[in-house]
Amino acid sequence: MVLRKKSRQTQRENPMNTIVQKYGGTSMGTIDRIKNVARRIIAKKEQGNRMVVVVSAMGKSTDQLVAMAYAINDRPPKREMDMLLATGEQVSISMLSMALAEMGQKAISFTGPQVGIKTKGVHGRARIMDIDTTKITQALADDSVVIVAGFQGVNENDDITTLGRGGSDTSAVALSCVLHCPCEIYTDVDGIYGVDPRLYPPAKKLDVVSYDEMLEMASLGAGVMHTRSIELGRKYNADITVASSIHDVPGTLITASAAATQKPITGMAVYNDEMMVSIKNVPYDVNISARLFSALAAAGINVDMISQTSPIADRMHISFSASHDDIDALEKALAEFQAAYPQTAVDLREDAVKMSVVGSGMKAHPGVASKFFRLLSAQHFPILMVTTSDIRISCMIPAEARERAVMAVADGFEL
Ligand code: ADP
Ligand code: ASP
Ligand code: MG
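Just so it is clear, the structure is predicted and the values come from calculations on it, not from any experiment.

Conventions adopted
Residues numbered from 1 in each chain as written. Chains lettered and ligands numbered in written order. Predicted model: local features only at pLDDT ≥ 70, side-chain atom pairs only at ≥ 80, totals over all residues. Heavy atoms only, no water. Pairing = 2+ DSSP bridges. Helix = DSSP H or I, 4+ residues; strand = E, 2+ residues; numbered from the N terminus. Axes fitted to C-alpha atoms, helices over the stretch in contact; angles between N-to-C directions. Near = heavy atom within 4 Å. Polar contact = N/O pair within 3.5 Å; in protein donor to acceptor, adjacent residues only side chain to side chain. Areas by Shrake-Rupley, 256 points an atom, 1.4 Å probe, with all protein chains shown as cover. Parallel < 35°, antiparallel > 145°, perpendicular 65-115°, else oblique. Left-handed = near helix turned anticlockwise from the far one by under 90°. Contact = heavy atoms within 4.5 Å.

Draft legend 1. Quick peek at the sheet that holds strand E10 (residues 208–210). Across the sheet, eight strands lie side by side as E3-E6-E2-E1-E9-E11-E12-E10; this open sheet has mixed pairing. Each end of this open sheet is capped by a strand with a single partner; those strands are strand E3 (107–110) and E10. Looking at each pair of strands side by side, their axes are set apart by 20° on average, direction ignored. Note: strand E9 (residues 183–187) against strand E11 (residues 240–244), five bridges, orientation parallel. Opposite Thr187, over in E11, you have Ser244 as the bridge partner.

Right under this line is the structure:
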């Protein structure tokens, strides 16, 4: 996004008391819930705040739109898919605006294109480049609550684009960056937990988590926040709070520094849609590895973990993981590779999941990796691949071991 970098100073000043709030699909899922959202907005407004509210499509309506598209076309054109999916949020913004009007509160709704959310990049995964705040500031000056459709924008061809599933978080954080104000994300959990409470019900809520940790957790599968929203938040130093749209309890602050270093591990994430590819008997020649990964890149396949064995008799094994979304392109690229090197054997495994532990505290606490592997080894399943960074350890495991692995690691690290 092409914005001026702001200091925390500017953000704290926020002289106009503007707040960006975002309400997700579950929070907007029924008429009663929309009324609940409207009441919450009015309460905050009555405290003297200017309110900009981003909403997602009601309940599971985006999933229903996706299903409708696939019912008519196995490979729906991406431009038309965005045209369709963006309608979900248009329903929500108008409904919320009507609820506010019914309660006597002036409000105006805008779609992403109407409010000048300019995007670049491919349909279905567009990135916000710029936001024109003119309309929003005019409406706020007019004492209206401004309601903006999340998840969408408009590209340089005037086509409607969407930001990727869960993208309303990014719309909200981007708006808070251009309006220099805090961002409050309201959802169906009380905040960010060490582990998704649906996977591990005893999980503990975090009071604070750093951008770096949240970015790792989000990109490793913690679907509570859209990854790009945290990238933007970190870049522009936005104050982001994640809290419940129903319970009035303190949520989690996502910020630059977190007091997380007392614990070696802050959180865990599981990514289910990963596939693992093993190629055996590859000639030991770096040009061949380069050729393989260039072909994958050219096919638009995002390769994640990579491992390579030491050569034996001038042959090596290469393994890597990629997202299940890319399966068609991957199968094609692998078939081409095998045709070029017929002595290789390719195995594509779809029943694998990636499990990761994340924590800035890892840097200061030795022995985290040994504890992690000890906890897993007690469960007796193979670890298929491992990667690390300075604040995370990820491993690929068989899908059938997922529950056991989550319990063992979450219990062991008291997440
Ligand atoms: P919304 O519709 O409000 O955007 P999402 O479904 O996108 O809500 O995100 C909220 C969900 O994220 C929760 O219901 C929870 O199951 C899941 N989740 C995944 N990881 C975490 C985590 N670490 N902490 C809290 N919730 C998590
Ligand atoms: N409605 C969109 C989705 O379901 C965007 C969002 O919820 O953030 O992915
Ligand atoms: Mg979401």
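Draft legend 2. Representation of the site of ligand 1 within the structure. Contacts to ligand 1 come from 17 residues, most closely from Thr187, Asp188, Tyr193, Asp196 and Arg198. In the model, an oxygen atom of ligand 1 is placed 2.9 Å from a nitrogen or oxygen of the Asp188 side chain. Note that a nitrogen atom of ligand 1 is positioned 2.8 Å from one of the backbone N or O atoms of Tyr193. In isolation ligand 1 has 570 Å² of accessible area, and contact with the protein removes 85% of it.

Draft legend 3. Up close: the packing of helix H2 (residues 31–46) against helix H4 (residues 78–102). Between H2 and H4, the shortest axis-to-axis distance is 9 Å and the interhelical angle comes to 60°. Considering the angle they form, H2 stands oblique to H4. Every pair of crossing elements has a handedness; the one defined by H2 and H4 is right-handed. Mapping the contact onto sequence places Ile31, Ile34, Val37, Ala38, Ile41 and Ile42 in H2 and Met95, Leu96, Ala99 and Leu100 in H4.

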